[in-house]
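What the coordinates show
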Number of protein chains: 2
Amino acid sequence: MSSNSASRPPKRPTLTDVARASGVSVALASIVMRGAEGASEESRAKVKQVAANLGYRPDSRARSLRSTRSRTLGLALALGEPLHAELADALYAQADAHGFEIILGATGKHRDERRVLNTLIDAGVEAVIGVFPELPAAQLTQVSKQLPVISLLRKVKGLPSIITDEAAGIKQLVEHLVARGHTRLLHLDGGSAVAARQRRDAFVAAAASAKVQAQVLVAGADETTAFQALHDYLEQTPRTQCASAVLAFNDRAALGARQAIDLAALQVPAQISLTGYDDSEFSRLAHADLTSVRQDVTALAEAAIHAALNASGKSSIHAPQLVVRGSTGERRP
Amino acid sequence: MSSNSASRPPKRPTLTDVARASGVSVALASIVMRGAEGASEESRAKVKQVAANLGYRPDSRARSLRSTRSRTLGLALALGEPLHAELADALYAQADAHGFEIILGATGKHRDERRVLNTLIDAGVEAVIGVFPELPAAQLTQVSKQLPVISLLRKVKGLPSIITDEAAGIKQLVEHLVARGHTRLLHLDGGSAVAARQRRDAFVAAAASAKVQAQVLVAGADETTAFQALHDYLEQTPRTQCASAVLAFNDRAALGARQAIDLAALQVPAQISLTGYDDSEFSRLAHADLTSVRQDVTALAEAAIHAALNASGKSSIHAPQLVVRGSTGERRP
DNA sequence: AGATTCTCCTAGAACGTTCTAGATATGGTG
DNA sequence: CACCATATCTAGAACGTTCTAGGAGAATCT
């Protein structure tokens, strides 16, 4: 009646079992399983056959303990972030191509980034790639003395950092809007999120150099805070003094912003333009139809894996791409 | 100029180092680090002090290799799913309380669930908790002979399965709508997603027992497919024959559905009611303001951890809760 | 024929822990 | 004083691999 997990696990077969069953030494069996050189085709065939029959799988703990080559990478990111999910997909593909496995650790508001990092390291990964919004750079560099640590989406001094050129992305958005006649821009900033400061600064700079008015609203990287911030703004600001274009920190924030706009009965893009960032799946949907900035996920992933596997890990900065959709239009005063 | 990860990792301190530095045997140092009994308070203090100074961290590979107690759980889920993110949060909290670490594996359209499972097992976890939408039950039960495998959100025969009472959730939605005069219901189904069949069947059954018309549209668990399916439906169905209420598979699907509805210039809830499932963060936003069904994430997590840690892992089924918001209303013919 | 070089194989140490089975010392008891 | 119980400690095997060093044959060279 009870589940069958109650029965004692029948010890999984070990390399010794395989060796014994195929009448060779453990060392030779190891050579075959690793695909190393030094075994005849004949032995190879036999050992592989036996291993398959027994359902043998190498124990990665023992393997990495001995060889310091676990062929496993640690990846730290936040769950529920569309961009992170995309990145993970690309990273998996890249790691695959190099014969590496990936295990993840989830960072989050309530979960200590340092601890996530430690958990991955203790599990025996060869390198860690991660999005660490809040972990102090000092701690990261400290850890990086033990094994390669690659910072994704955030520039960390002294660490290989794979990032997008935020200034370029924001500049494209601002110029796109300015070219359509907008002279009063509003940025819903990402709070403590990764890249938030870069985008905020880039926004101010780009607006200044285009000689248009710029205002920044402190918000966050999620729907709710963005909604709240913009909602308050729209209620408190006389309609005539309102910005005619809103740049949200990312697409999720734009979704929240959109709802504040709808609630204020403003038309997008007729009365107000809206932009996101990241070009998430839902930004492409008809109603959102969000002008956004696409980060080069594939290139980021490729660079991160490369930095992780080659000890001489180099930082790199990748160009984003403006994606114009229906949520931005000409300013009609 | 180059990053400092190029310098050779200064081997991390081992238990032997700690023992030597504190002038005791390795065995005693081990006892202290484990908090096992058999050491004087004096030695305890000294060893701990030395360990802290050296920055010693036990190697979980060696530890679990020897003792088959890694105090680590594997968690397999999909990235980018709000519900999964919530579950992970709750599971982390629960695991914490039991002194367990968690490492994740991401399942996904392009990633073999079996392989994710293997990666976690090879990393030395004591048990795996996972959402496995597509992995055949036979394979799961096969693996569960090696270590406890807990199925989350999907009933798998022969495996401890922690699920929500989908029939109850759907029934509440249907009855809620029927009570408001709706007699023609449409369900956007979740395709091959976990729980999709249960919800679909429950929808048909609940509609039948309430004696209202029911129609099911094949879609999927994401925004895009839901949008597409409903968009086509609204275009092809004469307005007078349209359903007056749409039950989306989950909140993400509801978001897509909402956009199809907006595009068709229908008012929610005046002309058409819409419901989601999962009560995600964004379903609470003003514009979405989505009537949904809340799964008891905390209870699910608690049950899953309990099943994973106690070999006698029991299945359980949890009651969901209807959350009424502004996206559903009286039918106005 | 001896030396050299292959190819194929193996014994045994090592990785960093935990665990078993004692050793040693301390103190109480008959 | 001999005996046992208890508390504290330790040596060394074990976990499942990989790696180093070398051995046995067979083939090639000089």
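Heads up: the structure comes first, above all this text.
Residues numbered from 1 in each chain as written. Chains lettered and ligands numbered in written order. Predicted model: local features only at pLDDT ≥ 70, side-chain atom pairs only at ≥ 80, totals over all residues. Heavy atoms only, no water.

Let us now look at the overall build of chain A. In terms of helices and strands, chain A carries twelve helices and twelve strands. Expected size for 333 residues packed as a compact globule is a radius of gyration near 20 Å; at 26 Å, chain A overshoots this value by more than 25%. Taking all 333 residues of chain A together, 55% fall into the buried category. Looking at chain A alone, contacts between residues at least 24 apart form 68% of all its contacts between residues at least 6 apart. In chain A, 38 positive and 33 negative side-chain charges are present, and the distance between their average locations comes to 6 Å. (Helix = DSSP H or I, 4+ residues; strand = E, 2+ residues; numbered from the N terminus. Rg over C-alpha atoms; globule rule 2.2 N^0.38 Å. Buried < 20%, exposed > 50% of the residue type's maximum accessible area, 1.4 Å probe, protein only. Contact = heavy atoms within 4.5 Å. Lys, Arg positive; Asp, Glu negative; His and termini not counted. Charge placed at Lys NZ, Arg CZ, Asp CG, Glu CD.)

A few words now on the packing of aromatic side chains. For any pair of aromatic rings, geometry is given as the distance between the ring centres together with the angle between the planes. A full pass over the atoms with the stated rule returns zero aromatic pairs over all chains. When the ring centre of A:Tyr277 is taken as reference, the NZ or CZ atom of A:Arg199 above it lies at 3.7 Å. (Phe/Tyr/Trp six-rings, centres within 6.5 Å; stacked < 30°, edge-to-face > 60°. Lys NZ or Arg CZ within 6 Å of the ring centre and 35° of its normal.)

Right, let's get into the side chain of B:Arg154. All names here are of chain B. Mapped onto the fold, Arg 154 is located in the loop between strand S4 (149-152) and strand S5 (161-164). Summary of buried charges: Arg 154 has no salt-bridge partner, and the nearest side chain of opposite charge, Glu 113, is 5.1 Å away. At a separation of 2.9 Å, a polar atom in the side chain of Arg 154 contacts the main-chain carbonyl oxygen of Leu 135. With residues up to four places along the chain from it excluded, the contact list for Arg 154 reads Phe 132, Pro 133, Glu 134, Leu 135, Pro 136, Ala 137, Leu 140, Ser 161, Ile 163 and Val 194. (Salt bridge = Lys/Arg side-chain N within 4 Å of Asp/Glu carboxyl O. Polar contact = N/O pair within 3.5 Å; in protein donor to acceptor, adjacent residues only side chain to side chain.)

Turning our attention to the protein's contact with DNA strand D. Taken together, 25 residues lie around DNA strand D, and A:Leu15, A:Ser30, A:Arg66, B:Ser40 and B:Ser43 are the ones closest in. The sugar-phosphate portion of DNA strand D accounts for 67% of its atoms within 4 Å of the protein, the bases making up the rest. Here a phosphate oxygen of DNA strand D sits 2.8 Å away from a polar atom, N or O, in the side chain of A:Arg63. For the surface near DNA strand D, the secondary structure elements donating two or more residues are helix H2 (26-34) and helix H4 (60-67) of chain A together with helix H2 (26-34) and helix H4 (60-67) of chain B. (Near = heavy atom within 4 Å.)

If you look at the interface, chain A gives 65 residues, while chain B gives 66 residues. For the pairing of chain A and chain B, the buried interface totals around 5,900 Å² over both sides, and the portion due to carbon and sulfur atoms is 53%. Counting across the chain A and chain B interface gives twelve salt bridges. Between B:Glu101 and A:Arg115 there is a salt bridge whose closest N-O contact spans 3.3 Å. If you look at where chain A meets chain B, you find 21 residue pairs in polar contact (both at pLDDT 80 or more). Residue assignment for the side of chain A that touches chain B shows that the elements contributing at least two residues are H4, helix H5 (82-97), strand S2 (101-107), helix H6 (113-122), helix H10 (223-236) and helix H11 (251-263) of chain A. Grouping the amino acids of the side of chain A that touches chain B by side-chain chemistry returns 27 nonpolar, 20 polar and 18 charged. (Buried area = accessible area lost by both parts, 1.4 Å probe. Nonpolar A, V, L, I, M, F, W, Y, C, P; charged D, E, K, R; others polar.)

On to the side chain of A:Thr275, then. Counting through the fold element by element, A:Thr275 comes out in strand S9 (residues 273-275). Among the residues examined, A:Thr275 registers a relative accessible area of 0% and is labelled buried.

This paragraph deals with helix H1 (residues 15-22) of chain B. Residues and elements named next belong to chain B. Three or more residues of H1 are buried, namely Leu 15, Val 18, Ala 19 and Ser 22. In an axial view of H1, the angular spread of the buried residues amounts to 100°, which keeps them on one side of the axis. In this structure, the buried side of H1 is in contact with H2 and helix H3 (41-54). The N-capping residue of H1, defined by a side-chain oxygen 3.1 Å from the backbone nitrogen of Thr 16, is Thr 14. Gly 23 sits one or two positions beyond H1 and adopts a positive phi of about 70°. (Arc of directions from axis to C-beta.)

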